Amino acid sequence: MAQTNKDANKQRRTLSRDEKAARVKAAQERAAREKAAQERRARFKKAFTIVVCVILALALCIPAVALSFIGS
């Protein structure tokens, strides 16, 4: 007895327990990698902000101190 197209597709879509477990595990690994990448980006952004603030503070303080020594 020939299978209809719908029955053939249904059998093709059916996954074994191992295949489902593999897909779930792969999805969890992708999520973990994405979370780690987001944390890395956030940490880099914080460090970059601190470095920029320090550079701006030095850029404002050094000339002011130099002018006060030259002026006195």
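Structure first, text after, so check above.
Computed from a predicted model, the values in this text were never measured in an experiment.

**Q** How would you summarise the overall build of the protein if you had to cite specific residues and measurements?
**A** Helix and strand content of the protein: two helices and zero strands. Burial statistics for the protein: of 72 residues in total, 1% are counted as buried. Surface exposure of the protein reaches about 7000 Å², of which carbon and sulfur atoms provide 64%.

**Q** Residues and numbers for the pattern of salt bridges, please.
**A** Working definition: two side chains of opposite charge can pair if their charged atoms are close together. One pass over the full model with this rule turns up one salt bridge. Across the salt bridge formed by Glu34 and Arg41, the nearest N and O atoms sit 3.4 Å from each other. A relative accessible area of 40% places Glu34 in the partly exposed class.

**Q** How would you summarise a nonpolar patch on the surface if you had to cite specific residues and measurements?
**A** A surface patch of nonpolar side chains, about 420 Å² in accessible area, is lined by Phe44, Phe48, Val52 and Leu56. As for its placement among the helices and strands, Phe44 is situated in helix 2 (residues 17–71). We classify Phe44 as exposed; its relative accessible area is 59%.

So, how was this worked out
- Residues numbered from 1 in each chain as written.
- Predicted model: local features only at pLDDT ≥ 70, side-chain atom pairs only at ≥ 80, totals over all residues.
- Heavy atoms only, no water.
- Helix = DSSP H or I, 4+ residues; strand = E, 2+ residues; numbered from the N terminus.
- Buried < 20%, exposed > 50% of the residue type's maximum accessible area, 1.4 Å probe, protein only.
- Areas by Shrake-Rupley, 256 points an atom, 1.4 Å probe, with all protein chains shown as cover.
- Salt bridge = Lys/Arg side-chain N within 4 Å of Asp/Glu carboxyl O.
- Patch = residues over 30% accessible without salt bridge, like charges linked within 9 Å, V, L, I, M, F, W, Y side chains within 5 Å.

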